[in-house]
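Architecture at a glance
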Amino acid sequence: AQTIHLAEYQPPSHLIEDVSLTFRLDPKATRVLSEIRFVPNPAREDALAGKADLRLDGVQLKLISAAIDGNPVDVTPDATGLTLPAALLPAGPFTWEAEVEIAPAENTALEGLYMSNGMYCTQCEAEGFRKITYYLDRPDVMAPFRVRIESDLPVLLSNGNPVAAGPELAEWEDPWPKPAYLFALVAGDLVAHIDRFVTRSGETVDLNVWVRPGDEGKCAYAMDSLKRAMKWDEEVYGREYDLDIFNIVAVDDFNMGAMENKGLNIFNSKYVLASPETATDDDFARIEAIIAHEYFHNWTGNRITCRDWFQLCLKEGLTVFRDQSFSGDMRSHAVKRIEDVLDLRARQFREDAGPLAHPVRPDHYQEINNFYTATVYDKGAEVIAMLKRLVGDDAYRKALDLYFERHDGEAATIEDWLKVFEDTTGRDLSQFKRWYTDAGTPHLKVTDDFKDGSYTLHFEQETAPTPGQAEKPPRVIPIAVGLLNPNGDEVVPTQMLEMTEAKQSFSFDGLAARPVPSILRGFSAPVILERETSAEERAFLLAHDTDPFNRWEAGRGLAKQVLLRMVTEGAAPAPGYLSGIEALLRDNGLDPAFRALALRLPSEDDMAQTLHAAGITPDPSRIHAARQDLQRALASQLSALLPALYTEMAVPGAYTPDAAAAGKRALRGAALALLTRLDDGATAQGQFAKADNMTEQLGALAALLDIGKGTDEVTAFETRWRADRLVMDKWFSLQVLYAAPEACAATAARLTEHPDFDWKNPNRFRSVLGALPANAAGFHDPSGASYRLLADWIIRLDPLNPQTAARMSSAFETWARYDGDRQDLICGALERIRQTPGLSRDLNEMTARMLG
Ligand code: HT7
Ligand code: ZN
């Protein structure tokens, strides 16, 4: 397959002045008529001189007719598009007209125009528009669109504002120039949950959340989140919405979470539909975050888009950073930061440490869909957070104002982005840029000394080579540090140290006693901190640190130390850890959500990563056993506290999804998981029977399954929820997640035989096959049965939906961590996928990168 390189970027030969599309919808034979006004690109001399061919992208299209300026032309498309030779093109602007036929009902890849439960919908990012009509399907070609939809379906939607409607037709006009990847169309039998928003400048915007009839009662939280996001963007970034109408549509079949199409966001129904009975607190929080994320793209992504797909982090990193700030403002910054770092370490650090490592801005790819990754999204957001820390809040806001002013309506690059910071602050950001261009997570080694009242921290940074990048020059690392007195008082409040060298020291003078350092507060940079730290010092920070992130981090460090010794030496759980956690749990002044996070043990995958980084081959079965032992030890240490905590954290009255109530339920749920180990599941059974909300129902079921019980509850849950797809996804998932390691593959295999296992639906596929690697000990069971099962299903899915198949294959990315037998089994599974005849470009690239 062809590799595309950033260094080979070329401006398009032509630009597009405007686009007019007509859709005559039919499941098997939709006709798409296009009228596109092209002009030679002034940036291309060959085009101005009439010497540039025009190459249009087009995939799986049946060309019915084509004309230039009204004159029919005879062109022969190939598999990826068609070429209009320079000789055929008029000297100046011209109009291309084409009629093509496509079959949405046969589109199982869910890219382009497809059907989901009788409804038409589109997904055009990254390169799906070329499956709709012939076009310059690249993000640096922006144009206003006019769309006419002809269909007998009652609701016909596209981007922009509605301009005409009649029997069986609707017309939409989007005045804002946009790239084709932001095009959207929806047609179906839908109902709307409606509301309005009045912008800061007094414009009224109609808001609609469109769902299938029957689901209209589950839209209120999405709508409320949308209005809060609109207000937040005005207040915090000065950004207003810019059309008369904003539509959100929920669809059941969707490859990812959601899509920010201009004025017509399309969502995986999982991230829209919520009611207390069917959605958990985590679901509500994710809905709020994703609704905000897609809305925020209106400015960071749509009004200013990306010049090419290498610049994906320009919109995704910034928009993730914005949605994280929003969620922090809506809930708790401390808790949100901990959750985000947990996620970053679980997905991005793992990616950065393996064969799929790539820079935040990759410089080559074969299939761009393979680069919607934790690195581009989450590390991309961390890079922006660091930039903000380095320049300060005021300068950040000034730089953003300049970014919007300078690049509105443009397709921009990371260079443009950094330049606005350089221009507003006078800083040279050339070294900072390495965060965009260099892959891998820096290790930050720290030692310290204390002499004559002066305390010095010595830092050394090092990043291991990653695929294709052997050299790793030092990066700028903002290191937030505070110092505590041995009595627990803070003697030096948080300071931002700026490390730029490979080795660098920073001193603090005038101290009466050797302080205890609190380093990398708030997780001020995405690095791995390495410092010999005693259990006593961690316990001290767990009790006294004023920085909530580092307080939590101290507890986590302790838990990891304890687990490590349990796994490698068969040590008993350390009493210091158990009593430290108990003291924290007893502190009623602490946010329950924070306490719940402190009680959560490092995941088995996190421990495998930690052991591997320490040069020890992880044994997933031993990690699982040690973690279970530690849970039991925690339960017995806390036996006097748990029943009281469980009762105290009950939230009276009707369910509300707010952060305070959710935090209490999180702590109650964590207490229940431990209590279940003491009372053989009695409390959990009671909670399951009485629960009036999904958080408590599912929490009770998970607690039971985790101790090997819950058979009756699994059946009862299925009977009650069989008709609800999203709830049933949870039912499928949970059984795989909590299966005993040796039974995990068989459980997943059995569930794939269930009559409701609709494997062509990505949510359902992920609920079983995505849960398999999430059960670490089950996935890595020495029999290799889980590896084989996952490989079988990936091979089966690939011809229908290569995007989802390729994403799932990254479960194998950690193969090099494990022992020889497991390595052989994993690589065997990967090799079998790679050798499959007719493999997609997506999977071909993924397996080749993983196998090296
Ligand atoms: N920008 C959107 C990305 C997306 C996507 C990418 C590839 C294939 C399918 C997709 N669906 C959505 C979503 C976002 O990050 O906001
Ligand atoms: Zn996004």
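Residues numbered from 1 in each chain as written. Chains lettered and ligands numbered in written order. Predicted model: local features only at pLDDT ≥ 70, side-chain atom pairs only at ≥ 80, totals over all residues.

1. Description of the overall build of the protein chain
Keep this limit in mind: Strands are runs of DSSP state E lasting at least 2 residues, helices are runs of H or I lasting at least 4, and numbering of each runs from the N terminus. Only C-alpha atoms enter the radius of gyration, while the globule expectation follows 2.2 Å times N to the 0.38, with N the number of residues. Any two residues are considered in contact once their C-beta atoms, placed from the backbone, lie within 7 Å.
Scanning the protein chain from N- to C-terminus turns up 28 helices and 30 strands. Against the 2.2 N^0.38 benchmark of 29 Å for 852 residues, the protein chain shows a C-alpha radius of gyration of 28 Å, consistent with a compact globule. For the protein chain, the spread of C-alpha atoms along the principal axes amounts to about 85 × 65 × 60 Å. Within the protein chain, contacts between residues separated by at least 24 positions form 70% of all contacts whose residues are at least 6 apart in sequence.

2. Observations regarding the environment of Asp587
Convention followed: Here a residue counts as buried when 20 or more other C-beta atoms fall within 10 Å of its C-beta, as exposed when 12 or fewer do, and as partly exposed in between; the C-beta atoms come from the backbone.
Looking at the element boundaries, Asp587 is found in the loop between helix 12 (575-586) and helix 13 (592-599). Here Asp587 falls in the exposed class, since 12 other C-beta atoms lie within 10 Å of it. Taking the C-alpha atoms as reference points, Asp587 and Ile266, separated by 321 residues in sequence, lie 44 Å from one another.

3. Some thoughts on the UniProt feature "domain: Peptidase M1 alanyl aminopeptidase C-terminal" (unreviewed entry) in the protein chain
Stated formally: UniProt positions are given in the numbering used here, feature names are shortened, and annotations may be inferred rather than shown by experiment.
As recorded in UniProt, the feature "domain: Peptidase M1 alanyl aminopeptidase C-terminal" (unreviewed entry) lies at residues 536-851. Helix makes up 72% of residues 536-851 and strand 0%, whereas the separation of the span's terminal C-alpha atoms amounts to 43 Å.

4. A look at the UniProt feature "domain: Aminopeptidase N-like N-terminal" (unreviewed entry) in the protein chain
Annotation from UniProt places "domain: Aminopeptidase N-like N-terminal" (unreviewed entry) at residues 108-182. Regarding residues 108-182, the helix share stands at 0% and the strand share at 51%, and the terminal C-alpha atoms are separated by 20 Å.

5. Focus on the pairing of strand 2 (residues 14-24)
Using the following cut-off: In this scheme, strands are said to pair when DSSP sees at least two bridges between them.
Pairing between strand 2 and strand 3 (residues 30-40): 10 bridges, direction antiparallel. Its bridge partner being in strand 3, Phe23 is matched across the sheet by Val32. What sits between strand 2 and strand 3 in their antiparallel hairpin is a turn of five residues. In the sheet, strand 2 pairs with strand 11 (residues 143-150) via six bridges, with the strands oriented parallel. Along strand 11, the bridge assignment pairs Arg24 with Glu150.

6. So, the site of ligand 1
What counts, and what does not: In this analysis, residues qualify as near a molecule or strand once their C-beta atom, positioned from backbone atoms, comes within 6 Å of it. Gly is placed with the polar residues, together with every amino acid not listed as nonpolar (Ala, Val, Leu, Ile, Met, Phe, Trp, Tyr, Cys and Pro) or charged (Asp, Glu, Lys and Arg).
Close contacts around ligand 1 come from 15 residues, with Glu125, Asn255, Met256, Met259 and Tyr372 the closest. Put simply, the parts of the chain that give the shell around ligand 1 at least two residues each are strand 19 (258-259) and helix 3 (281-296). A class-by-class count of the residues in the shell around ligand 1 yields five nonpolar, six polar and four charged.

7. Overview of the environment of Glu234
Position of Glu234 among the secondary structure elements: in helix 2 (residues 220-237). A tally of 16 C-beta atoms within 10 Å means that Glu234 is categorised as partly exposed. As a C-alpha pair, Glu234 and Pro467 span 233 residues in sequence and 42 Å in three-dimensional space.

8. Some thoughts on unusual backbone geometry
Among all residues save glycine, negative phi is the norm, and among peptide bonds the norm is trans. Here the residue pair Glu125 and Ala126 is connected by a cis peptide bond, since its omega of -5° sits within 30 degrees of zero. Residue position: Ala126 is located in the loop between strand 10 (119-123) and strand 11. Positive phi outside glycine occurs at Gln60, with the angle close to 55°. Take Gln60: it is sitting in the loop between strand 4 (54-57) and strand 5 (62-68). Residue class for Gln60 comes out partly exposed when judged on the 15 C-beta atoms lying within 10 Å of it. Positive phi, normally seen in glycine, also occurs at Glu168, with a value near 60°. With respect to the helices and strands, the residue Glu168 is situated in the loop between strand 13 (161-166) and strand 14 (169-178).

9. Comments concerning the sheet that holds strand 24 (residues 443-451)
Which entries qualify depends on this criterion: Angles shown run from 0 to 180 degrees and are taken between the N-to-C directions of axes, each axis being a line fitted to C-alpha atoms and, for helices, limited to the stretch in contact.
The strand order across the open sheet built from four strands is 28-25-24-30, with neighbouring strands paired in mixed fashion. Because the sheet does not close on itself, it has two edges, and the strands there are strand 28 (503-508) and strand 30 (528-530). Between one strand and the next, the sheet's axes are offset by a mean angle of 25°, whatever the strand orientation. Relative to strand 28, strand 25 (residues 454-462) runs antiparallel, the two sharing six bridges.

10. Things to note about the confidence of the model for the protein chain
Worth spelling out the cut-off: Per-residue confidence from the predictor is reported as pLDDT, which spans 0 to 100.
On average, residues of the protein chain score 98 in pLDDT, and 100% of them are at 70 or above. Scored as a complex, the prediction yields pTM 0.99 and ipTM 0.98.

11. Things to note about the nonpolar core
Stated formally: As used here, a nonpolar core is made of buried Ala, Val, Leu, Ile, Met, Phe, Trp, Tyr and Cys residues. They are joined through C-beta atoms within 7 Å.
With 247 residues, the main nonpolar core has Leu185, Val186, Val249, Ile266 and Val272 as its most contacted residues. In contact with Val249, not counting residues within four places along its chain, are Cys121, Leu157, Val186, Leu190, Trp210, Ile266 and Phe267.

12. Re the domain arrangement of the protein chain
Threshold: Residue ranges assigned to each domain were obtained from an automatic or database domain assignment.
For the protein chain, the assigned domains read domain 1 (1-188), domain 2 (190-280), domain 3 (304-527) and domain 4 (531-634). Look at where the C-alpha atoms of domain 1 and domain 4 centre, and you get two points 54 Å apart.

13. Notes on helix 22 (residues 744-752)
We count it as follows: What the arc describes is the spread of directions from the helix axis to the C-beta atoms.
Listing the buried residues of helix 22 in full gives Cys744, Ala745, Thr747, Ala748 and Leu751. In an axial view of helix 22, the angular spread of the buried residues amounts to 160°, which keeps them on one side of the axis. On its buried side, helix 22 packs onto helix 21 (725-737), helix 23 (762-774), helix 24 (776-779) and helix 25 (785-797).

14. Notes on the pairing of strand 15 (residues 185-188)
Neither face of strand 15 is left uncovered, since the one carrying Leu185 and Ala187 and the one carrying Val186 and Gly188 both have all their residues buried. Two elements, strand 12 (residues 155-158) and strand 15, share four bridges in a ladder whose sense is antiparallel. Note on strand 15: the bridge partner recorded for Leu156 is Ala187.

15. Regarding the sheet that holds strand 5
Taken together, the eight strands give an open sheet; going across it, the order is 6-5-8-3-2-11-14-13, and neighbouring strands pair in mixed fashion. In this open sheet, the two edge strands, each paired with only one partner strand, are strand 6 (71-72) and strand 13. Of the pairings in the sheet, the one linking strand 5 to strand 8 (residues 94-102) comprises six bridges and is antiparallel in character. Bridge pairing in strand 8 links Ala67 to Glu97.

16. Some details on the environment of Ile248
For Ile248, the location among the structural elements is in strand 18 (residues 245-251). In this structure the C-alpha to C-alpha distance between Ile248 and Ile194, which are 54 residues apart in sequence, comes to 10 Å. Ile248 has contacts with Asn208, Val209, Trp210, Ala222, Leu226, Asn265, Phe267 and Val272, leaving out every residue within four places of it along the chain.

17. Focus on helix 6 (residues 374-391)
Going by this rule: The span you would expect from a helix comes to 1.5 Å times its residue count less one.
Between its first and last C-alpha, helix 6 extends 25 Å over 18 residues, near the 26 Å set by a 1.5 Å rise per residue. Looking one or two residues past helix 6, Gly392 carries a phi angle of roughly 95°, positive in sign.

18. Brief notes about the packing of helix 18 (residues 682-690) against helix 19 (residues 694-706)
The line we're drawing: Here the word oblique covers every angle except those under 35 degrees (roughly parallel), over 145 (roughly antiparallel) and from 65 to 115 (roughly perpendicular). For any pair of crossing helices, the crossing counts as left-handed if the nearer helix is rotated counterclockwise from the farther one by less than a right angle, and right-handed if it is rotated clockwise.
At their nearest, the axes of helix 18 and helix 19 sit 8 Å apart, and the two run at 150° to each other. Judged on the interaxial angle alone, helix 19 and helix 18 are roughly antiparallel. The crossing of helix 18 and helix 19 is left-handed. Contacts between helix 18 and helix 19 pair Ala684, Gln685, Gln687 and Phe688 from the former with Glu696, Gln697, Ala700, Leu701, Ala703 and Leu704 from the latter. Grouping the constituent residues of the contact of helix 18 with helix 19 by class yields six nonpolar, three polar and one charged.

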